Amino acid sequence: MLRQRIGRPPPVDVLLALALMVFVVGVTVGVARWHQPAARPVDPLGVAWLAAGGLPLPWRRRYPVAVFVLSAALTFSYYVSGYPGGPDVVFPVLALFTVALVRGPVRGAAAGVALWGAALVLALLRDASVLAPWLGGLLLGILAVVAAGSAVRNRYSALRATRERFEAEARRRAEEERLRVAREVHDVVAHSLAMINVQAGVAAHVADRRPEQARQALLAIKEASRTALADLRATLGVLRSGEDRAPAPSLNRMAELLDQVRAAGLRVEVAGEPGDLPAPVDVAGYRILQESLTNAVRHARGATTVTVRWSRAGDDLELAVRDDGQAAAVAPGGTGSGLRGMRERAEALGGRLSAGPAPGGGFEVRAVLPLGADTGPRDAAEITGDADVSGGNA
């Protein structure tokens, strides 16, 4: 039970304590006969007493103050026993270093003062003539040991803080990468799947009465599914290889989006042109337009027309997508996850996005994207992000 409470010390600390005890006993016994002939001969009791100061050292990391007190008491009691002196002061010195390392400089300094005071009492009892120079050197040595322990402690703290920052950064990057992968896989298929869903409903509705229209809907489904599969294969290829080989979403492909919406039965009117854009703005504009059109197809009840307007205002690109359907009530700024994904893309570029019922009816998404956006690696990852079509007007 006592062993369980005390705990097993690290093997390296046990070996260090044994090595110090062998060193101290060997030096003291070997030198005493030549330099301290008048001292009491080192008998087996003296050897055990001499080595006893190092016995607590294996537990110095777990109980630094207790080990220091015990080691200092055993060492100084040996000095007043009449046996020859030796380098056994290394025992309390190592314990003092550990106090400063584990408990900090304040407790290390307090322990050092206690050690120096014990040395002062010992000097007064034995030989006061060597008091000044001996105690002065000891004081400097104690200060050096406490300073060394505190410096190592500060170094360990800095390394630990750096490691924690690296770990937090690694977790953040892993989370961002997980979200980026989920968003990218979603983005390349969500729009096509929404078109497929609408066209499948049309085909099922007119299959018996207007087979030619049903055939056109099935052909549209085939084309949308082909595009979705091609984009999905390209994206998965990038994820497997870690190389950016798939074509980035671009407003150069805007006509494909508009054709898919027209195939779903909505009329699309376009005013203005986005023009040449920086790559991050181009990607964000494409994704916002894609999500807005998908929401119009899926959620705008009774809509017949979708209007897309592009304009420039200073250094900003403005995009407005509006349908003429019956818009459901949406909290200011939008609450759907699709709207949140669009807003994250705009904000990643330093822009803004609003969405909600438009005056006179319908639903409108309006985005303002700075053309001079400073997008680092993190922002570039975010602007390819979430585009959940469930947000929409819901």
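Note that the coordinates shown come from a computational prediction; the quantities given were computed from them, not determined experimentally.

(A) Structural context of the overall build of the protein chain. Of regular secondary structure, the protein chain possesses 12 helices and five strands. Considering the protein chain as a whole, with its 394 residues, one finds that 43% of them fall into the buried category. By sequence separation, contacts in the protein chain at least 24 residues apart represent 73% of the contacts at least 6 residues apart. Accessible area of the protein chain: about 20,900 Å², with a carbon and sulfur share of 61%.

(B) Expanded view of the nonpolar core. Counting residues in each nonpolar core, the largest one holds 42 residues, and the members touching the most others are Leu 289, Leu 293, Trp 310 and Leu 353. Top contributing element to this core by residue count: helix α10 (residues 279-299), with eight residues. Formed by 30 residues, the second largest nonpolar core is a distinct cluster that contains Leu 20, Phe 76, Tyr 79 and Ala 119.

(C) The sheet that holds strand β4 (residues 352-357), seen in detail. If you trace the five strands from one edge of the open sheet to the other, you get β1-β2-β3-β5-β4, paired in mixed fashion. Looking along the sheet, the strands with just one partner apiece sit at the ends: β1 (267-271) and β4. The mean angle between the axes of side-by-side strands here comes to 10 degrees, regardless of whether they run parallel or antiparallel. Pairing analysis gives six bridges linking β4 to strand β5 (residues 363-370), with the strands arranged antiparallel. Among the inter-strand pairings, Leu 353 is bridged to a residue of β5, identified as Ala 367.

(D) Structural detail: the pattern of salt bridges. Summed over the entire model, instances satisfying the criterion amount to eight salt bridges. Close ionic contact of Glu 256 with Arg 253 constitutes a salt bridge, the shortest N to O distance being 3.6 Å. The exposure class of Arg 253 is partly exposed, given its relative accessible area of 22%. Across the pair Arg 262 and Asp 259 runs a salt bridge, and its minimum N-O distance is 3.2 Å.

(E) Local environment of the side chain of Asp 13. Checked against the element boundaries, Asp 13 lands in helix α2 (residues 11-35). With residues near it in sequence (within four places) discarded, Asp 13 still touches Pro 58, Arg 60 and Arg 61.

(F) The confidence of the model for the protein chain, seen in detail. Averaged over every residue, the pLDDT of the protein chain is 78; residues scoring 70 or more account for 78%. For the stretch residues 331-335, pLDDT sits under 50, and the model shows eight contacts to residues farther than four places along the chain or on other chains. Every residue in residues 375-394 scores below 50 in pLDDT, and together they form 70 contacts with partners more than four places removed in sequence or on other chains.

(G) Layout of the environment of Gly 356. Tracing the backbone shows Gly 356 in strand β4. Look at Gly 356 and you get buried, because its relative accessible area is 11%. Excluding its chain neighbours within four sequence positions, the residues that come into contact with Gly 356 are Phe 363 and Glu 364.

(H) Geometry of the packing of helix α9 (residues 254-263) against α10. With their axes 11 Å apart at the nearest point, α9 and α10 run at an angle of 0 degrees to one another. Classified by the angle between their axes, α9 and α10 sit roughly parallel to one another. Here Met 254, Leu 257, Leu 258 and Val 261 of α9 lie close against α10, whose contacting residues are Tyr 286, Leu 289, Gln 290, Leu 293 and Val 297.

(I) Here's a closer look at the packing of helix α3 (residues 44-52) against helix α4 (residues 64-79). The N-to-C vectors of α3 and α4 enclose an angle of 145 degrees; their axes lie 8 Å apart at closest approach. Listed contacts from α4 to Gly 46, Trp 49, Leu 50 and Ala 52 of α3 are Leu 74, Ser 77 and Tyr 78. Classifying every residue of the contact of α3 with α4 gives five nonpolar, two polar and no charged.

(J) Focus on α10. The first and last C-alpha atoms of α10 sit 30 Å apart over 21 residues, in line with the 30 Å expected at 1.5 Å per residue. The element α10 is extensively covered by neighbouring structure, given that 17 of its 21 residues are classed as buried.

(K) View of the pairing of strand β3 (residues 316-323). In terms of strand pairing, strand β2 (residues 305-313) meets β3 through eight bridges, oriented antiparallel. Note that in β3 the partner of Thr 307 across the bridge is Arg 322. Linkage of β2 to β3, two consecutive antiparallel strands, is achieved through a turn of two residues, within which Gly 314 is found at a positive phi near 65 degrees. With eight bridges joining them, β3 and β5 adopt antiparallel strand pairing. Across the sheet, the residue bridging to Asp 316 is Pro 370, located in β5.

About the criteria used
Residues numbered from 1 in each chain as written. Predicted model: local features only at pLDDT ≥ 70, side-chain atom pairs only at ≥ 80, totals over all residues. Heavy atoms only, no water. Helix = DSSP H or I, 4+ residues; strand = E, 2+ residues; numbered from the N terminus. Buried < 20%, exposed > 50% of the residue type's maximum accessible area, 1.4 Å probe, protein only. Contact = heavy atoms within 4.5 Å. Areas by Shrake-Rupley, 256 points an atom, 1.4 Å probe, with all protein chains shown as cover. Core = buried A, V, L, I, M, F, W, Y, C linked by side-chain atoms within 4.5 Å. Pairing = 2+ DSSP bridges. Axes fitted to C-alpha atoms, helices over the stretch in contact; angles between N-to-C directions. Salt bridge = Lys/Arg side-chain N within 4 Å of Asp/Glu carboxyl O. pLDDT = per-residue confidence, 0-100. Parallel < 35°, antiparallel > 145°, perpendicular 65-115°, else oblique. Nonpolar A, V, L, I, M, F, W, Y, C, P; charged D, E, K, R; others polar. Expected span 1.5 Å × (residues − 1).

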